[in-house]
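Here are the chains, one letter per residue:
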Amino acid sequence: MTEPYPQTGASDQWGPGHPPVAPAQPSGIPAQPQAGPGYGYPAQPAGAPGYGYPVPGPQGYGFPQQQAAPGAFAAPGPVGGGVLLAIGDIMVTGDQIITPAGQLPLRGAVWNATDLSHTEERIPTHAVVLAVVFFLFCLLGLLFLLMKEKRTTGYIQVSVTSAGRHHSTMVPAQGPGAFPAIMGQINYARSLSSM
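All of these numbers come straight from a predicted model, not from anything done at the bench.

Our focus in this paragraph is the overall build of the chain. Regarding its fold elements, the chain presents two helices and seven strands. When the elements of the chain are put in sequence order from the N terminus, they spell out β-β-β-β-β-α-β-β-α. Here the analysis covers contacts within the chain between residues at least 6 apart in sequence; of these, 55% occur between residues at least 24 apart. A total of about 15100 Å² of accessible surface is found on the chain, and carbon and sulfur atoms cover 62% of it.

Put into structure tokens, the structure is as follows:
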């Protein structure tokens, strides 16, 4: 017994490309029909690519497919594929602007932003309550009236126009610094459009 786990009738070949061999059927038991080549090996028609290889997707799904003329080289797709900038639902890649309405060329695009948000400053309710309570004990309670809270509501409208097409989006303003942050992104997009 020098071999670990000796088995009678076992083959030395196993693994991918060698489907498992069914054990011999004992006498007196009817034979079961085999459903396929074995567990873990899906049946594939002849001439089909192997399991795990990419299969071309259905035509007509997603962006329109461009057909090249016979004998001509196909134009390359978008370079890089990475998103350089995203403002709302507007994304800027290497040489194009991707919007839900379609793609726009990046070169020569005109970017605009409009601040439709407002920030209001008010004294919170708990500060008024603390001022009244501590005013009765000492006059220092009036210092609680110096507490202020800022609340920003509204949206920032970002629009882009390129090649005669226009798209705009509304970005919610999260705070007073939202519009300067969006303007920084717009200025970066303008510099990319002028290249």
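What follows concerns the environment of T114. Turning to its location among the elements, T114 is positioned in strand β5 (residues 110–122). Under the relative-accessibility criterion, T114 is labelled partly exposed at 37%. Measuring from C-alpha to C-alpha, the distance between T114 and M170 comes to 9.5 Å, with 56 residues separating the pair along the chain. In this structure T114 touches Y155, I156, Q157 and F179, once residues within four positions along its chain are discounted.

Attention now moves to the sheet that holds strand β3 (residues 96–99). Read across the open sheet, the four strands follow the order β1-β2-β3-β4; overall the sheet is antiparallel. Strands with a single pairing partner mark the edges of an open sheet, and in this sheet they are β1 (85–87) and β4 (102–105). Strand-to-strand twist across the sheet, computed as the mean angle between neighbouring axes with direction ignored, equals 20 degrees. Relative to β3, strand β2 (residues 90–92) runs antiparallel, the two sharing two bridges. What sits directly across from V92, in β3, is I97.

On to the nonpolar core, then. Counting 19 residues, the largest nonpolar core has I87, V92, I97, W111, V158, V160 and I182 as the members making the most contacts within it. Among the secondary structure elements, those contributing two or more residues to this core are β1, β2, β6 (149–162) and α2 (178–193). Per-element accounting of this core gives the leading share, five residues, to α2. Once residues lying within four places of it in the same chain are set aside, the contact partners of I87 are W111, V158, T169, V171, I182, Q185 and I186.

On to the pattern of salt bridges, then. Scanning all chains against the criterion turns up two salt bridges. A salt bridge links E120 to R151, with the shortest nitrogen-to-oxygen separation between them at 4.0 Å. Remark: R151 occurs in strand β6 and E120 occurs in strand β5; sequence separation between them is 31 residues. Accessibility expressed as a relative area gives 46% for R151, which makes it partly exposed.

Rules and cut-offs
Residues numbered from 1 in each chain as written. Predicted model: local features only at pLDDT ≥ 70, side-chain atom pairs only at ≥ 80, totals over all residues. Heavy atoms only, no water. Helix = DSSP H or I, 4+ residues; strand = E, 2+ residues; numbered from the N terminus. Contact = heavy atoms within 4.5 Å. Areas by Shrake-Rupley, 256 points an atom, 1.4 Å probe, with all protein chains shown as cover. Buried < 20%, exposed > 50% of the residue type's maximum accessible area, 1.4 Å probe, protein only. Pairing = 2+ DSSP bridges. Axes fitted to C-alpha atoms, helices over the stretch in contact; angles between N-to-C directions. Core = buried A, V, L, I, M, F, W, Y, C linked by side-chain atoms within 4.5 Å. Salt bridge = Lys/Arg side-chain N within 4 Å of Asp/Glu carboxyl O.

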